[in-house]
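# Geometric and topological summary
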Amino acid sequence: MALMASSRHEVGTKSYPVLIYVLTPLLALGLQSFLSLHFTSFALIDLPLLVTIYYAISKREPISATVVGAAIGIAQDALTHHPLGIFGISKAVIGYTAASLGVRVDTEHQGTRFLVTFAFTLEQTGVLYLLERHMLGQPYAWHWVQELGKAFLNATVGVILFALLDLSRRRE
Amino acid sequence: MESFFSRYRNALVLIAVLLAQVIGLAVQVRRPGQTAGDKGGVRLIRAWVVGAVSPPERLLHATGLGLRGVWTNYLDLIHIRQQNKNLQAQIDQLRLEEASLSEDARQGKRLQALLGFQQKYIYKTVAAQVIGTAGTEQSHVLFIDKGSKDGIAPDMPVITPDGIVGKTRDVFDYTSQVLEISDATSGAGVILQQTRIQGVLRGNSWGQPELVNISPDDRIKAGEPVVTSGGDSIYPRGLAVGTLDRVVPEPDGTLVNVLVKPAADLSRLEEVLVITSTGSEMPSQMQQDLTDAQQKASDILAERLPSRADPNAPPVAASANGAAGTTGTPAPNTNIGPPPLPARPPAPIHVDHFSPSTVPPAEDLVPGQKLSNSAIEGAGGPAGGSTGPKRNAERATTSGSGSQAGTASEPNQKKPPSNAKGTAPPPSAGPHPAVPHKPAQQNPPQSATPPSTTPPSTTQQGTAQQGNPPQGRG
């Protein structure tokens, strides 16, 4: 199967400069906050989620992906008025799942990236729904068409963003 | 045991991270009634993240403002003169309206004082730029570039000239978080302006403000304005909130939710005002503005008088008691200027009919008989004393303070009195001396003050065609 990892090269971990690990999540948070102000529809895109998915499927280390996802999620929570941990939990789950999946599939393939991002966007929405609605008792709007559209949009942006982030990869 | 941890290390780390965050969530969730705001480590984390994210946002925002300023201030100046002229005319119009409304405002203030109502006036505001959002659909918050160093504190109302935006929530040194009225966790006391139905405004799960748990009422119609009620002790009373969009019944059918279209465009906010200080007394600046508005309104009215608009017009003032009054037909309108605005002096039109000593003794009154001026004057009343028959007569007559003969387009001008049947006065009658005349240019006395003893002006006319029916209290 073309999408499955078939060689040692495909399942090998990628390394990045340390500065990239720090700057990319901050840049994603800042752009998310700034662009949503001027383009309301930009709130449909979740740049921190895309960054979490990218590093999870690139590093393929579930522990580090879990910790990085939790850290990015908590930082995203800090910009909202919600308690810290809503996005932290969801992105920790996403990071762990994406890293576990990254070992088994070929994440260099654009089609794989699209499908993975599409699925993880839906997964995050499901986790958020559970947390907000059933754990915190807050209203949460769920509309299948909108959620599918949001997942498609994030997957499309993710493919482009992942290609850009590939440029920052350290050469072996 | 060691093999268990090494084998399930990844899953155990995930469980540990999730468990720690769930415990953290449980600690942060407040019970109803607890005050908002974070404490300790949570606030520290928020401050770190906001401190890391907001400087680049400020930089980007300032750059955008600079580029836009160059375009709007130096390049895109076409039609600016015409726009300035239109705005000046609008200012004149608003000054007239403000002068007319100032008396109502003062009267409302007196009544509120009588009722012990604490009206909140806006003393001080701080202008702020919106530099960012939360970036998620679930959290309708904004970040502004003013913080505690600028006098901002939590739970301060944030508004625009169009309407309310929300209230401040977390306040940092140079940045503040604003919770919009469209958020599901917000709350504002509002009232429907026409039906006077009160309710609590909060955002629904789709991010649109709504009044929740309202009793169904047929009078609730789309388009009705919604304003703040002042009952939440945060937003001052009377600020625009939006207009009623539609009514959505709740699933059980007993109550309805009223969707509101916000007056302020919450999706395109750039500059907002934070109300940092309110008080129960009208600010001195506002009082000064009202006084200035009245004076300037008088000037504007004087400028728009026909005699001022047409310098070549014959001096009609001298013949005011003559031709027009005797013939009962208006003089030709020589005004070639703009149509005169309603000459509404900011004064109570009717005199005090209820003060003692302005009315003849009851034994002197004859049912159905019209009082003569001498009778009123003999009773000690300077003018305006009114008995029952007199009031009936006044209902059928009109009283005016017209400025020119034939300026029948001024609706609120007083007409000269006539008899009780409402017929035109005899030609020689002229203006009734008992009806006080208050020039429009003068500031009015309070409604409770004795009536003016100013004699009728020579510009008063006796045209029965003028004006509207009397607006008397009778």
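Residues numbered from 1 in each chain as written. Chains lettered and ligands numbered in written order. Predicted model: local features only at pLDDT ≥ 70, side-chain atom pairs only at ≥ 80, totals over all residues.

### Describing the overall build of chain B
On a plain count of helices and strands, chain B comes out with nine helices and 12 strands. Within the span of chain B, comprising 474 residues, buried residues form 32% of the whole. Once local pairs closer than 6 in sequence are excluded, the contacts in chain B between residues at least 24 apart make up 66%. (Helix = DSSP H or I, 4+ residues; strand = E, 2+ residues; numbered from the N terminus. Buried ≥ 20, exposed ≤ 12 C-beta atoms within 10 Å, placed from the backbone. Contact = placed C-beta atoms within 7 Å.)

### Topic: the packing of helix α3 (residues 47-59) of chain A against helix α4 (residues 62-78) of chain A
Residues and elements named next belong to chain A. Direction vectors running N to C along α3 and α4 enclose 170°, while the axes themselves pass 9 Å from each other. In terms of orientation, α3 and α4 fall into the roughly antiparallel class. Facing α3, whose interface residues are P48, V51, T52, Y55, A56 and K59, α4 presents S64, A65, V68, G69, I72 and Q76. When the residues that make up the contact of α3 with α4 are grouped by side-chain class, the tally is seven nonpolar, four polar and one charged. (Axes fitted to C-alpha atoms, helices over the stretch in contact; angles between N-to-C directions. Parallel < 35°, antiparallel > 145°, perpendicular 65-115°, else oblique. Nonpolar A, V, L, I, M, F, W, Y, C, P; charged D, E, K, R; others polar.)

### Describing the interface of chain A and chain B
Between chain A and chain B, the contact holds 35 residues from the first and 38 residues from the second. When residues of the side of chain A that touches chain B are traced back to their parent elements, those giving at least two are α2 (18-38), α4 and α5 (86-104) of chain A. Its residues assigned to classes, the side of chain A that touches chain B comprises 22 nonpolar, 12 polar and one charged.

### Looking at the pairing of strand β6 (residues 188-192) of chain B
Residue and element names in this part refer to chain B. In terms of burial, β6 is a largely internal element, four of the five residues being buried. Taken together, the four bridges between β6 and strand β7 (residues 198-203) define a ladder with antiparallel strand orientation. When the sheet's bridge partners are listed, V190 is paired in β7 with G199. Hairpin connection of β6 to β7: five residues between the antiparallel strands, including R196 at a positive phi of 60°. Inspection of the sheet shows β6 paired to strand β9 (residues 225-228) by three bridges, in the antiparallel sense. (Pairing = 2+ DSSP bridges.)

### Quick notes on α5 of chain A
The end-to-end C-alpha distance of α5 of chain A, which contains 19 residues, comes to 28 Å, matching closely the 27 Å that a straight helix rising 1.5 Å per residue would cover. Among the 19 residues that make up α5 of chain A, 15 are buried, leaving the element largely enclosed by the rest of the structure. (Expected span 1.5 Å × (residues − 1).)

### Describing the environment of S182 of chain B
Mapped onto the secondary structure, S182 of chain B falls in the loop between β5 (176-180) and β6. If sequence neighbours within four positions are ignored, S182 of chain B has contacts with H140, G203, G207, Q208, P209, P262 and L266 of chain B.

### Let's talk about the packing of α4 of chain A against helix α2 (residues 9-28) of chain B
The description of two helices packed together rests on the angle between their axes and the distance between the axes. Direction vectors running N to C along α4 of chain A and α2 of chain B enclose 15°, while the axes themselves pass 9 Å from each other. As the angle between them shows, α4 of chain A and α2 of chain B are arranged roughly parallel. Seen from above, α4 of chain A lies across α2 of chain B with right-handed handedness. Contacts between α4 of chain A and α2 of chain B involve P62, I63, T66, V67 and A70 of chain A from the former and N10, V13, L14, V17 and Q21 of chain B from the latter. Here the residues of the contact of α4 of chain A with α2 of chain B are counted per class, giving seven nonpolar, three polar and no charged. (Left-handed = near helix turned anticlockwise from the far one by under 90°.)

### Comments concerning the nonpolar core
Ranked by size, the top nonpolar core spans 81 residues in total, and within it I53 and A98 of chain A together with I144, I164, V165 and V272 of chain B carry the most contacts. When neighbours within four sequence positions are excluded, I144 of chain B is seen to be in contact with A128, Q129, V130, I131, S176, V178 and V272 of chain B. (Core = buried A, V, L, I, M, F, W, Y, C linked by C-beta atoms within 7 Å.)

### So, the sheet that holds strand β11 (residues 256-262) of chain B
Residue and element names in this part refer to chain B. Within the closed barrel, the six strands sit side by side as β6-β7-β8-β11-β10-β9. Their pairing is antiparallel. Each strand axis lies, on average, 45° off the axis of its neighbour in the sheet, ignoring direction. Of the strand pairs in this sheet, strand β8 (residues 209-214) and β11 are connected by three bridges, and their pairing is antiparallel. Across the sheet, the residue bridging to I214 is V256, located in β11.

### Quick word on α4 of chain A
Taking 1.5 Å per residue as the helical rise, α4 of chain A with its 17 residues ought to reach 24 Å, and the 24 Å between its terminal C-alpha atoms agrees with that figure. Of all 17 residues that make up α4 of chain A, 13 are buried, and the element is covered over most of its length.

### Digging into the pairing of β9 of chain B
Residues and elements named next belong to chain B. Burial of β9 is one-sided: the residues V226 and T228 facing one way are buried, the residues P225 and V227 facing the other way are not. Note that β9 and strand β10 (residues 240-249) share three bridges and pair antiparallel. Looking at the pairing, P225 lines up with T243 of β10.

### Here we look at the environment of V256 of chain B
Residue and element names in this part refer to chain B. Turning to its location among the elements, V256 is positioned in strand β11. Here V256 falls in the buried class, since 20 other C-beta atoms lie within 10 Å of it. In this structure, V256 is in contact with I214, P216, V247, V248, P249 and E250, ignoring residues within four places of it in sequence.

### Points about the confidence of the model for chain B
Residues and elements named next belong to chain B. With 57% of its residues at a pLDDT of 70 or more, chain B shows a mean pLDDT of 69. Confidence, expressed as mean pLDDT per element, reaches its minimum in chain B at helix α7 (residues 323-327) with 40 and its maximum at β5 with 93. Between residues 316-337, whose pLDDT stays under 50, and residues either more than four places distant or in other chains, the model counts 49 contacts. Below pLDDT 50 for its whole length, residues 376-474 participates in 222 contacts with residues either more than four positions away or in separate chains. (pLDDT = per-residue confidence, 0-100.)

### Focus: the environment of Y54 of chain A
Residues and elements named next belong to chain A. Tracing the chain through its elements places Y54 in helix α3. Taking the number of C-beta atoms within 10 Å as the measure of exposure, Y54 has 23 and is therefore buried. Note: C-alpha distance between Y54 and T107 (53 residues apart in sequence) is 9.2 Å. If we skip the residues at most four places from it in the chain, Y54 touches F162 and L165.

### Remarks on unusual backbone geometry
In this model, R60 of chain A sits at a positive phi of 60°, which is unusual for a non-glycine residue. Position of R60 of chain A relative to the elements: it lies in the loop between α3 and α4. Within the chain, S233 of chain B stands out as a residue other than glycine whose phi angle is a positive 65°. Within the element layout of this structure, S233 of chain B appears in the loop between β9 and β10.

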